[in-house]
Amino acid sequence: MEPDRKDIFLLTKPPGNPRSELCFKLIARSETSRLYLAGDGVYHLLAGIETLPSCGIYACKEDLEARAIRSGKKVIVPEDFYAVLVGDLMEHCDSEYTF
């Protein structure tokens, strides 16, 4: 993997979902990754996932607000979540996974 290339993960499934568990297993095996949380995926912020090593975490502002969830200090909440996600996929993505 090139130095600026990352594994990009988009997680929309809630905690306890088998697809979420698979997502986190793959993140654990990745050297550098970014996790994008949208839909019910933002509920993972309640479980303290901000401690994932070598993983930047992004959350959709509208989905956080709709579910009354606050993001932690290590979570990036861009104004235009999907523009940031698409830009990351186009410019920095080595592998992309959607759950």
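Nothing here was measured: the structure is a model prediction, and the numbers come from that model.

This part is about the side chain of Asp88. Mapped onto the secondary structure, Asp88 falls in helix H3 (residues 81-92). In this structure the side chain of Asp88 is engaged in a polar contact, spanning 2.7 Å, whose partner is the side chain of Arg34. Other than its neighbours up to four places away in sequence, Asp88 contacts Ile8, Arg34, Tyr36 and Cys93.

With that out of the way, let us pick up the pattern of salt bridges. Taken as a whole and assessed by the stated rule, the structure comprises 4 salt bridges. The partner of Arg34 in a salt bridge is Asp88, with the nearest N and O atoms 2.7 Å apart. Pair noted here: Arg34 is in strand E2 (residues 33-37) and Asp88 is in helix H3, with a separation of 54 residues, a long-range link. Like Asp88, Arg34 is buried. A salt bridge links Glu79 to Lys61, with the shortest nitrogen-to-oxygen separation between them at 3.3 Å. Residue Glu79 is located in the loop between strand E4 (75-76) and H3, and its partner Lys61 is located in helix H2 (residues 61-66); the two are separated by 18 residues in the primary sequence. Judged by its relative accessible area of 62%, Glu79 falls in the exposed class. One continuous salt-bridge network, built from bridges that share partners, spans Asp40, Asp63 and Arg67.

Rules used throughout
- Residues numbered from 1 in each chain as written.
- Predicted model: local features only at pLDDT ≥ 70, side-chain atom pairs only at ≥ 80, totals over all residues.
- Heavy atoms only, no water.
- Helix = DSSP H or I, 4+ residues; strand = E, 2+ residues; numbered from the N terminus.
- Polar contact = N/O pair within 3.5 Å; in protein donor to acceptor, adjacent residues only side chain to side chain.
- Contact = heavy atoms within 4.5 Å.
- Salt bridge = Lys/Arg side-chain N within 4 Å of Asp/Glu carboxyl O.
- Buried < 20%, exposed > 50% of the residue type's maximum accessible area, 1.4 Å probe, protein only.

These figures come from the coordinates and say nothing about function on their own.
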